[in-house]
Amino acid sequence: MNSKVKFLDNNSTTPIDPRVLDAMLPFLQDNFANPSSTHHFGQSINEKVKQAREQIADFINADSNELIFTSGATEASNIAIKGVAESYSNKGKHIITVSTEHKAVLDTCKDLKRKGFEVTFLSVLQSGLIDLAELQKAIRPDTILVSVMYVNNETGVIQPIKEIATIAHDMGALFMTDATQAVGKLEIDVNDLGIDLLCFSGHKMYAPKGIGALYVRNKTKLTSQIHGGGHEQGLRSGTLNVPGIIALSKACELANQEMTQNQNTISELRDRLEAELLKLPNTSLNSVSQNRIYNTANICFKGQDANVLIGRMKNIAISNGSACSSAVVEPSHVLKAMGLSDDDAFASLRFSLGKFNTIEDVETVIQKIKELTQPNFNYA
Ligand SMILES: *Cc1c(COP(=O)(O)O)cnc(C)c1O
């Protein structure tokens, strides 16, 4: 990585942990066999994939036969949501999700809407949390799926997943969560939380881009969306991304060992950054301090233009919201759903920290933001 860049955009992607790179490199070099091949070379690689699958499944307290490897969370969400819709349409055609979901879920649900499904997009409170009473009112006997993200990528808001799963199950619906910003940061037990489908992605947890996974609880029926050689129990045909799978398992192993330590250091840096920035006039925190992941701060700098600020910070990487929609200049749908005006949404910056950030990164960013937003403010 360019060590000069202060990278506070870890919710968009993370650098690869050097230990993850070391683990995967042999599988880009000598250990290149196709794990589906019957020869000994192929079978030796298949054995490594098996071990990796067990390691990853174990990390979320799942069985290894409940894990499907994908290219990332977007593909996993598509396989899950479309697979449920097609498979359970006899029971009903109603799906519930939330207006602040990632586009991977939102746009997949919108596609199903065009195909004759009914989709309820729950609103959120000013805090960014859903109102469980609104969910109770919206859910019906023909609801087949409730999909609510675990941790929001823009604000860090943590939804009450366990309570939501219970509400879904009480009505006989499946519960899915996009846990891309939670896996690796929080301990996750799919059984304790009552999760039927869960997706996550390697490149948000120090593994490379192009690998992700979908957890599918046993007996959940998904109609296949990707046809071919029948890999991954027929749900995701295509030769397995072995180096990616090895990398993801190493990333899970490291997260498992170092989660508490990472949480302590990252939250300390985030809290320092947030406290200093919120001392400035005309600033406010988007979302609440409770129920929020420890690495994210989304702050409104009233009267500013986030894009202009980002453009003026040459060696600092921060975000004005979701990178996935950055091709289009429109206010963040997440902040809008929380009740912010267009102007305030455009004035908001997302700071997302990771385990490689240092106190120097944070001090540099604080200093730069002060200079840019408060040229006349005496902060001596
Ligand atoms: C990054 C992200 C995604 C998309 O993941 P990809 O692996 O890049 O497809 C989905 N949901 C959330 C919450 C994310 O942060």
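These numbers were taken from a predicted model, which means no experiment stands behind them.

Reading the values: rules and limits
Residues numbered from 1 in each chain as written. Predicted model: local features only at pLDDT ≥ 70, side-chain atom pairs only at ≥ 80, totals over all residues. Heavy atoms only, no water. Domains from an automatic or database assignment. Contact = heavy atoms within 4.5 Å. Buried area = accessible area lost by both parts, 1.4 Å probe. Salt bridge = Lys/Arg side-chain N within 4 Å of Asp/Glu carboxyl O. Helix = DSSP H or I, 4+ residues; strand = E, 2+ residues; numbered from the N terminus. Near = heavy atom within 4 Å. Polar contact = N/O pair within 3.5 Å; in protein donor to acceptor, adjacent residues only side chain to side chain. Areas by Shrake-Rupley, 256 points an atom, 1.4 Å probe, with all protein chains shown as cover. Buried < 20%, exposed > 50% of the residue type's maximum accessible area, 1.4 Å probe, protein only. 1 Å grid on protein atoms, 1.4 Å probe; cavity = no way out; pocket = protein on both sides within 12 Å on 5 of 7 lines; lining within 4 Å. Points joined across faces, edges and corners; volume = space filled by probe spheres on them. Nonpolar A, V, L, I, M, F, W, Y, C, P; charged D, E, K, R; others polar. Pairing = 2+ DSSP bridges. Axes fitted to C-alpha atoms, helices over the stretch in contact; angles between N-to-C directions. Core = buried A, V, L, I, M, F, W, Y, C linked by side-chain atoms within 4.5 Å.

What exactly am I supposed to notice about the domain arrangement of the protein chain here?
Note: interface size is frequently given as the accessible area lost on complex formation between the parts. Split by domain assignment, the protein chain resolves into domain 1 (6-14 + 259-373) and domain 2 (18-254). Taking the mean C-alpha position of each, domain 1 and domain 2 sit 27 Å from one another. Contacts between the two partners involve 31 residues from domain 1 and, on the opposite side, 34 residues from domain 2. Overall, the association of domain 1 and domain 2 removes approximately 2800 Å² of surface from exposure, summing both partners, and the carbon and sulfur fraction of that is 57%. Here Glu 330 ties to Lys 103 by a salt bridge, and the two come within 3.9 Å at their closest N and O atoms. Elements with a contribution of two residues or more to the side of domain 1 that touches domain 2: α8 (242-278), β10 (296-301) and α10 (333-337). Among the elements that line the side of domain 1 that touches domain 2, the one with the most residues is α10, at 4 residues.

What is the right way to look at the site of the ligand in this model?
Lining the immediate environment of the ligand, one finds Gly 72, Ala 73, Thr 74, His 102, Met 149, Asn 153, Asp 178, Thr 180, Gln 181, Ser 201, His 203 and Lys 204. Ala 73 places a polar main-chain atom, nitrogen or oxygen, 2.9 Å from an oxygen atom of the ligand. In this structure, Gln 181 approaches the ligand through a side-chain N or O atom, which is 2.7 Å from an oxygen atom. Out of a free accessible area of 380 Å², the ligand has 89% covered by protein chains.

Any chance you could explain the side chain of Thr 70 here in plain terms?
Summarising the element assignment, Thr 70 is placed in strand β2 (residues 67-70). Look at Thr 70 and you get buried, because its relative accessible area is 3%. A polar side-chain atom of Thr 70 sits 2.8 Å from the main-chain carbonyl oxygen of Gly 72.

When you look at empty space enclosed by the protein in this model, what are you seeing that I'm missing?
It is a probe the size of a water molecule, rolled over the atoms, that shows where empty space is left. Scanning the entire structure with this criterion turns up 2 cavities of 30 Å³ or more. Considering only enclosed or pocket space, the largest cavity measures out at about 150 Å³ in volume. If you go around the largest cavity, you meet 18 residues; those closest to its centre are Gly 184, Lys 185, Met 205, Tyr 206 and Asn 262. For the lining of the largest cavity, the element with the most residues is α8, which contributes 5 residues. Each residue belonging to the lining of the largest cavity can be placed in one class, and the counts come to 10 nonpolar, 4 polar and 4 charged. A domain-level breakdown of the lining of the largest cavity finds at least three residues from each of domain 1 (6-14 + 259-373) and domain 2 (18-254).

What should I look at first to understand the sheet that holds strand β12 (residues 348-352) in this one?
Strands in a sheet are paired, the pairing made by backbone hydrogen bonds, and the direction either parallel or antiparallel. Taken in spatial order, the 3 strands make up an open sheet running β9-β10-β12, and their pairing is antiparallel. A single partner strand is all that each edge strand has here, and the edge strands are β9 (283-285) and β12. Averaged over all pairs of adjacent strands, the angle between strand axes in this sheet comes to 25°, irrespective of strand direction. Pairing of β10 with β12 involves 5 bridges; the strand directions are antiparallel. In the sheet register, Ala 297 faces β12, and the bridge partner there is Phe 351. Strands in contact with α8 are β9, β10 and β12; relative to β10, the strand with the most contacts, it is inclined by about 10°.

Where do I start with the environment of Ala 52 in this structure?
Tracing the sequence through the fold places Ala 52 in helix α2 (residues 40-59). C-alpha of Ala 52 to C-alpha of Phe 32: the two residues are 20 residues apart in sequence and 16 Å apart in space. Residues within four places of Ala 52 in sequence aside, it is in contact with Ile 245, Ile 246 and Ser 249.

So what exactly am I meant to see when it comes to the nonpolar core here?
What tends to happen in soluble globular proteins is that the nonpolar side chains get buried as a cluster. Core analysis: the largest hydrophobic core is formed by 89 residues, its most contacted members being Ile 60, Val 146, Tyr 150, Ile 188, Leu 198, Phe 351 and Ile 369. The biggest single contributor to this core is α8, with 14 residues. Two domains each donate at least three residues to this core, and these are domain 1 (6-14 + 259-373) and domain 2 (18-254). Grouped together as the second largest cluster of nonpolar side chains are 25 residues, Tyr 88, Cys 109, Cys 199 and Val 216 included.

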